[in-house]
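Coordinates in review
Read off the chains here:
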Amino acid sequence: LHYLGAGGWPIFALLHHFTSLRRHGFRLDFTGAELGALPYREHGEWLQSLPLERHLALIEAPSSWRPLFAETVEALRAGLSRADHLRFVYVTMVYGRFNQYIAGWAERARRLGIGNLVMAALDDEAYDLCREHLGATCVRGSISVLNKYTVLL
């Protein structure tokens, strides 16, 4: 302890900082049944072999899905419809103090020709800004340790 106290490393300031960090809950916006029962999830190679229009037609949200999950699938579908022949979407997430950058990110993506950007907006302000700047490729979510990664993965 004497060595730590005598050193130049601010150990106590660092420990105090860790106590002030706000933890998010472990809520998940989607159920295991929704995530586990996606149609064609084991047939990625086959889906990739189809013409894009046929692939998109197979990604329709059934009426039995909850609205939040159906909207997420539709946002991913919208992003995929704007993808090139590689058929993937860029997915990122934003909330809180980073909301101020949404307009700039959207503009930069447009300038680079990236239409297949899907943004998971984890608070209401982020979602409103995302819809304003990116339109149909926005996913509504809530702040959670798990939700930061659900759509991204």
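Please read these numbers as outputs of a predicted model, since none were measured by experiment.

**Describing the overall build of the protein**
When helices and strands are counted, the protein shows 9 helices and 3 strands. When the helices and strands of the protein are read in sequence order from the N terminus, they spell out α-α-α-α-α-α-β-α-β-α-β-α. Residue pairs at least 24 apart in sequence account for 65% of intrachain contacts in the protein once pairs closer than 6 positions are excluded. Roughly 10,100 Å² of accessible area belongs to the protein as shown, and the carbon and sulfur atoms make up 59% of that amount.

**Here's the deal with the state of the cysteines**
For the structure shown, the criterion picks out 1 disulfide. Paired by a disulfide, Cys 130 and Cys 138 hold their sulfur atoms 2.0 Å apart. Handedness here is read from the sign of the S-S torsion; for Cys 130 and Cys 138, about -95°, the answer is left-handed. With relative accessibility at 0%, the residue Cys 130 sits in the buried group. For Cys 138, a relative accessible area of 3% corresponds to the buried category.

**Considering the pairing of strand 2 (residues 117-121)**
By the criterion of burial, strand 2 is predominantly enclosed, with 5 of the 5 residues buried. The alternating pattern of strand 2 places Leu 117, Met 119 and Ala 121 and Val 118 and Ala 120 on opposite faces, both of which are buried. Sheet topology places strand 1 (residues 90-94) next to strand 2; 5 bridges connect them, and they run parallel. Along strand 2, the bridge assignment pairs Val 94 with Ala 121. With helix 7 (residues 102-111) bridging strand 1 and the parallel strand 2, this β-α-β connection has right-handed handedness.

**A word on a nonpolar patch on the surface**
There is a patch of nonpolar side chains on the surface, built from Leu 28, Leu 35 and Leu 146 and spanning about 210 Å² of accessible area. Tracing the backbone through its elements, the reader meets Leu 146 in the loop between strand 3 (138-140) and helix 9 (147-150).

**A closer look at the packing of helix 7 against helix 8 (residues 124-134)**
As a packed pair, helix 7 and helix 8 sit with axes 9 Å apart at the nearest point and diverge in direction by 25°. Of the possible angle classes, the one that applies to helix 7 and helix 8 is roughly parallel. Here the hand of the crossing between helix 7 and helix 8 comes out right-handed. Contacts between helix 7 and helix 8 pair Ile 102, Ala 103, Ala 106 and Arg 110 from the former with Ala 126, Leu 129, Cys 130, His 133 and Leu 134 from the latter.

Rules used in this analysis
- Residues numbered from 1 in each chain as written.
- Predicted model: local features only at pLDDT ≥ 70, side-chain atom pairs only at ≥ 80, totals over all residues.
- Heavy atoms only, no water.
- Helix = DSSP H or I, 4+ residues; strand = E, 2+ residues; numbered from the N terminus.
- Contact = heavy atoms within 4.5 Å.
- Areas by Shrake-Rupley, 256 points an atom, 1.4 Å probe, with all protein chains shown as cover.
- Disulfide = S-S within 2.5 Å.
- Buried < 20%, exposed > 50% of the residue type's maximum accessible area, 1.4 Å probe, protein only.
- Pairing = 2+ DSSP bridges.
- Right-handed = clockwise from strand over helix to strand, strands pointing away.
- Patch = residues over 30% accessible without salt bridge, like charges linked within 9 Å, V, L, I, M, F, W, Y side chains within 5 Å.
- Salt bridge = Lys/Arg side-chain N within 4 Å of Asp/Glu carboxyl O.
- Axes fitted to C-alpha atoms, helices over the stretch in contact; angles between N-to-C directions.
- Parallel < 35°, antiparallel > 145°, perpendicular 65-115°, else oblique.
- Left-handed = near helix turned anticlockwise from the far one by under 90°.

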